[in-house]
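Notes for the structure review
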Amino acid sequence: MKPAILLLLLIPFLNLVTAAAGSSPVVADFDKYLVIDRVGEGGRRPVHTDAIELSIVDGSWRTPEPGDAVMVEGIPRIWQGRTAGKNGWLEDEMLRGGYALAIIEREEAGPAILEARGHSMVYVNGAPRPGDPYANGLLRLPVMLKAGPNEFLFSVGRGRVTAKLVDVPRDAVGEPKEFFFTGVDDTIPDAVAGLPIEAPAGIVVANLSDQWTPNISILVTGPGGEKVPIGMPSIPPGSIRKVPIRLLAVSQPGAETAEFKVELIDSGSIEPLDTRIISVKVVEPDQTRKVTFRSEIDDTVQFYGLVPSSAPPPAAGDPSGGLGLILSLHGAGVDARGQAGAYAPKEFAHIVTPNNRRPFGFDWEDWGRLDALEVLEHARRTLGTLPARQWVTGHSMGGHGTWHAAAHHPDLFAAAAPSAGWISFDTYGATRVRGDDSPHSIASIMARAANPSDTLLLKNNLDELGIYVLHGDADDNVPVDQARTMRGHLGGFHPDFAYYEQPGAGHWWGNRCVDWPPLMDFLKSKSRTFESDQIDFTTISPGINAGHDWFEIAQQQVAFAPSRVTGERDRDARRIELDTENVERLRIELDAGDRPWTMVLDGEVLPPNPRFDQMNGITPAIFNRTADGWRRAALFGPRQKNPGRNGAFKDAFRRFPLVVVGTLGSEEENRITLAKAIHDAETFLYRGNGALDVILDADFDVEQHPRRNIVLYGNMETNAAWPTLLGKDPLQIDRHGVRFEELEVVGDDLAVLAIRPRPRWASGSIGVVAGTGPQGFRLTERIPYFRSGVHYPDLVVFGAESLTPGTEGLDGIRAAAFFENDWTLGDDFNVREQSTKE
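Residues numbered from 1 in each chain as written. Predicted model: local features only at pLDDT ≥ 70, side-chain atom pairs only at ≥ 80, totals over all residues. Heavy atoms only, no water.

Remarks on the overall build of the chain
Scanning the chain from terminus to terminus reveals 12 helices and 49 strands. Relative to its length of 838 residues, the chain is compact, with a C-alpha radius of gyration of 28 Å against a globular reference of 28 Å. With the C-alpha coordinates aligned to their principal axes, the bounding extent of the chain is approximately 85 × 75 × 55 Å. For the chain, the residues scored as buried account for 59% of the 838 residues in total. Contacts in the chain between residues far apart in sequence, at least 24 positions, make up 71% of those at least 6 positions apart. Taken as a whole, the chain presents about 31,500 Å² of accessible surface, with 49% of it coming from carbon and sulfur. One finds the centroid of the 83 positive side-chain charges in the chain at a distance of 2 Å from the centroid of its 113 negative side-chain charges. (Helix = DSSP H or I, 4+ residues; strand = E, 2+ residues; numbered from the N terminus. Rg over C-alpha atoms; globule rule 2.2 N^0.38 Å. Buried < 20%, exposed > 50% of the residue type's maximum accessible area, 1.4 Å probe, protein only. Contact = heavy atoms within 4.5 Å. Areas by Shrake-Rupley, 256 points an atom, 1.4 Å probe, with all protein chains shown as cover. Lys, Arg positive; Asp, Glu negative; His and termini not counted. Charge placed at Lys NZ, Arg CZ, Asp CG, Glu CD.)

Below, the structure is given as structure tokens:
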């Protein structure tokens, strides 16, 4: 890395580190603020309005004085002085969607740690950093302060905020440490008495150096002297990251805890840079405990709760079969430990409680849903439970997660039992995007992108599960109408539906509202039958669930519209009859017997084809919908959309995503792009206990990162990795605008999100977060793609006018598209202005 480029990128984070040497410890409480009421409209939607953010984007922002006004649809909003209370909290009704501004004066430049709570995000001297809206204290952010005034602009949504600056840890001679443990937000397992400890853990490291890939490592020493060295992943300068480590120790007989020493090691230094002691709780084998695992989403360490079954261990060679598994999903603000603590052990099953990645997480959607699936698979594999005896239940937000998981993945569960659950964001107060009469309008494309959140679109999938609905009839948090609505949808046709309202019960009426004996008995009585010959399955996207048992919806005709397959398989007659809706390609398992199969698709009889059926027992069979009807195909093109790579945009942030930051732009463009990448990585940590590998384009080597998803931050003129990854792709984004075949949007103030197939791989994707100029780059800063219930199609282009208060709905979206199954541009796109589409 050239020093000049590195210095350019680190402004405003690191250009003043050396000035901090010898300066006094930095401790500052925030007590004097300017506050202003809401200046736009936000919520759970893909676009928002905000007059202050607009001024930051267009470069007109100036630090306000008391009495200054911000005009919102012709009405002035006034900046007013406020003082925090004695407890350090600033509380004001204007902060239910407004801003709080604080100025901190420094005599000398130097580093500090920002500890703030209650805010959605904060601009620190213009650079965006994530907030702590749930006030859980998980973020200790390193910041570089300049001599003179430092501006902290907090966006606050819940009516209150508190903040302070504390000194960074110091070394033995009083110098600020460049690398250190933040001391909060560890992910630590429990150990089991009598067993060796061998489990992953996660610990947060801060980087205040000017190095991206330093010669730093972590050394973990167990209580018996066991040593495990850990390589340091990439941590952008001026940021934090949770780093996976490995705990290894012999069993700890009689101990209540096991102590591990964790050190940051510099190969050029004798003494460790920082040291911590991690305490691991030791529990008995029959006690509730925390279990950690490495996620296949982003290689982070996640955890779940486990309530072991009370059944006695089976005798050696006992052929009677294994136990069941109850997957229990927690409510908002609860974590996996609290959820597990609400249950008594069950003889018939282990109880497993995923974490949604965080207590609020993703409402069991997006990465929260994926977390539940990962936990289910990890627990089933390690506990040896029976796949036919898996059930899902949950309370409140977890009740929604129960509906959501069961509707999207009916093949995984024998029964679903929501307690006090809400159905979807739309039924629970958040207004979803609505389409219109034009199937390819921007509104309709954006509405389809949001379909994965609509539980009711998938209600037919619940027909094959046992359903038990539990709700208190006096619930003042999740109204009982949510349960009654689902009873109205399912009660009339569902063959195995149970419903109970507890008289006089509110939202939480003790552990009974999750560990309810009739509900547990209901689950115990249900087993799933595999290989059913009758099918009725709907999916919103093959990328979420393509099918189960013996068929798969491999491609859709219209992206993210419901696709449905109904019908039956007659094994004796070797005949399959299926009716389809919105299906472009089917994949069907056909065993190679002594007679070929007859297929009837949408009433069209496809004659047996011995060439296919008997060709070395080829299975599965692939059927394509063509202009002439259904036809069998021999191959599935690896560059086609498929269940492993189907979009939409948010899908780029899985499969170990690697963020590549552009450095070829102007000083301003590079600074904004790096700040955006750091903001996203830290936001994913806060919201999803996640990690994004972030590197500079100059350090990117495509051969070193096979199979994984790559997310380019920057456009084709500012990111050096673009030619390697998208040089031959139709997508072109530069300082003049956006082009993709006949789609064109002109402007230097555009923000773009896109997902494309990764060249040479059938499963990897390339994500793009780009601007067409400094305004466009700044416009990307607060697009909320890490928020549940907010969805984007394969391509979306925003104009700066999207932030203007009074902008209606989706008017600020200049273009939107879902790509065809071959990733080209078909009819499913729309451009609001300057359209070349007839």
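Now that the structure has been shown, we can carry on.
Here we look at the side chain of His-409
Position of His-409 among the secondary structure elements: in the loop between α5 (397-408) and β27 (415-419). Apart from residues no more than four positions distant in its own chain, His-409 is found in contact with Arg-369, Leu-373, Ile-544 and Asn-545.

Description of the sheet that holds strand β47 (residues 795-799)
Here eight strands make up an open sheet; going across it, the order is β40-β39-β41-β46-β45-β47-β48-β49 and the pairing mixed. On the outer flanks of this sheet lie β40 (693-696) and β49 (829-831), each paired with one strand and no other. On average, each strand axis in the sheet is tilted by 15° relative to the strand beside it, whichever way the strands run. Here helix α6 (residues 442-449) sits on the sheet and contacts β47, β48 (813-817) and β49; the angle it forms with β48, its principal contact strand, is near 60°. (Pairing = 2+ DSSP bridges. Axes fitted to C-alpha atoms, helices over the stretch in contact; angles between N-to-C directions.)

Description of the packing of aromatic side chains
How two aromatic rings sit relative to each other is given by the distance of their centres and the angle of their planes. Inspection of the entire model under this criterion finds 29 aromatic pairs. Here Phe-537 and Phe-551 contribute two aromatic rings whose centre-to-centre distance is 5.8 Å and whose plane-to-plane angle is 70°, an arrangement assigned as edge-to-face. Of the two residues, Phe-537 sits in strand β30 (residues 534-539) while Phe-551 sits in strand β31 (residues 551-555), which places them 14 residues apart along the sequence. A single burial state applies to Phe-537 and to Phe-551, both of which are buried. Ring plane angle 70° and centroid distance 6.0 Å describe the contact between Tyr-792 and Phe-798, whose orientation is recorded as edge-to-face. In this pair, the class of Tyr-792 matches that of Phe-798, namely buried. Linked through ring pairs, Phe-362, Trp-367, Phe-649, Phe-653, Phe-684, Tyr-785 and Phe-786 together constitute an aromatic cluster. (Phe/Tyr/Trp six-rings, centres within 6.5 Å; stacked < 30°, edge-to-face > 60°.)

Digging into the nonpolar core
In terms of nonpolar packing, the biggest core is built from 117 residues, with Leu-327, Tyr-785, Tyr-792 and Phe-798 touching the most fellow members. Filtering out sequence-adjacent residues up to four positions away, Phe-798 remains in contact with Pro-46, Val-47, Asp-749, Leu-750, Ala-751, Leu-753, Leu-779, Ile-783, Tyr-792, Gly-812, Ile-813 and Arg-814. In this structure, Ile-235, Leu-247, Phe-260 and Val-282 belong to the second largest nonpolar core, which totals 26 residues. (Core = buried A, V, L, I, M, F, W, Y, C linked by side-chain atoms within 4.5 Å.)

Looking at the sheet that holds strand β19 (residues 239-249)
Backbone hydrogen bonds are what pair the strands of a sheet, in a parallel or an antiparallel way. Taken in spatial order, the three strands make up an open sheet running β14-β16-β19, and their pairing is antiparallel. Whereas interior strands pair on both sides, the edge strands pair on one side only; in this sheet they are β14 (179-181) and β19. Strand-to-strand, the axes of this sheet are offset by a mean angle of 40°, without reference to chain direction. Relative to β19, strand β16 (residues 197-207) runs antiparallel, the two sharing 11 bridges. When the sheet's bridge partners are listed, Pro-200 is paired in β19 with Arg-246.

Quick word on the pattern of salt bridges
Scanning all chains against the criterion turns up 52 salt bridges. Residue Asp-185 pairs with Lys-242 through a salt bridge whose shortest N-O separation is 3.4 Å. In this pair, Asp-185 is assigned in the loop between β14 and β15 (191-192) and Lys-242 in strand β19, connecting sequence segments 57 residues apart. Just as Asp-185 is buried, Lys-242 falls in that class too. For Arg-778, the salt bridge identified is with Glu-668, shortest N-O distance 2.6 Å. (Salt bridge = Lys/Arg side-chain N within 4 Å of Asp/Glu carboxyl O.)

What to know about the pairing of strand β34 (residues 585-588)
The sheet contact formed by β31 and β34 spans four bridges and is antiparallel. For Phe-551, the partnering residue across the bridge sits in β34 and is Ile-588.

Section: the pairing of strand β24 (residues 324-329)
Here β24 lies mainly inside the structure; six of its six residues are buried. Covered by surrounding structure in β24 are Gly-324, Ile-326 and Ser-328 together with Leu-325, Leu-327 and Leu-329, the residues of both alternating faces. Note that β24 and strand β25 (residues 349-353) share four bridges and pair parallel. Each bridged residue has a counterpart across the sheet, and for Ile-326 the counterpart in β25 is Ile-351. Direction of pairing for β24 relative to strand β26 (residues 390-395): parallel, over a ladder of five bridges. For Leu-325, the partnering residue across the bridge sits in β26 and is Gln-390.

Let's talk about helix α2 (residues 51-58)
A large share of α2 lies buried, amounting to seven of its eight residues. Every buried residue of α2 is accounted for by Ala-51, Ile-52, Glu-53, Leu-54, Ser-55, Ile-56 and Val-57. For α2, the secondary structure elements touched by its buried residues are β2 (32-36), β3 (69-72), β7 (99-106), β9 (119-124), β12 (148-156) and α12 (774-779). One or two positions beyond α2, positive phi appears at Gly-59, with a value near 85°.

As for the environment of Asp-210
Within the element layout of this structure, Asp-210 appears in the loop between β16 and β17 (216-221). Looking at Asp-210, the relative accessible area reads 43%, which means it is partly exposed.

Comments concerning a negative patch on the surface
A contiguous patch of negative charge on the surface is contributed by Glu-741, Glu-742, Glu-820, Asp-822 and Asp-827. Note on placement: Glu-741 falls in the loop between β43 (737-740) and β44 (743-746). Among the residues examined, Glu-741 registers a relative accessible area of 39% and is labelled partly exposed. (Patch = residues over 30% accessible without salt bridge, like charges linked within 9 Å, V, L, I, M, F, W, Y side chains within 5 Å.)

Points about helix α8 (residues 517-524)
All of the buried residues along α8 are Leu-519, Met-520, Phe-522 and Leu-523. Along α8, the residues classed as buried sweep out an arc of 155° about the axis, all on the same side. On its buried face, α8 is in contact with β24, β26, β27, β28 (466-472) and β29 (497-502). (Arc of directions from axis to C-beta.)

What about the side chain of Thr-772?
Here Thr-772 lies in the loop between β46 (765-771) and α12. For Thr-772, a relative accessible area of 0% puts it in the buried group. From its side chain, Thr-772 meets the backbone nitrogen of Leu-750 in a polar contact 2.9 Å long. Not counting residues up to four positions away in its chain, the partners in contact with Thr-772 are Asn-715, Ile-733, Asp-734, Arg-735, His-736, Gly-737, Val-738, Gly-747, Asp-748, Asp-749 and Leu-750. (Polar contact = N/O pair within 3.5 Å; in protein donor to acceptor, adjacent residues only side chain to side chain.)

Digging into the confidence of the model for the chain
Mean pLDDT over the chain stands at 92; residues scoring 70 or higher make up 94%. Under a pLDDT of 50 for its full length, residues 1-24 has, in the predicted model, 57 contacts with residues more than four places off or in other chains. A low-confidence stretch, residues 834-838 stays under pLDDT 50, and its non-local contacts, those more than four residues away or across chains, total eight contacts. (pLDDT = per-residue confidence, 0-100.)

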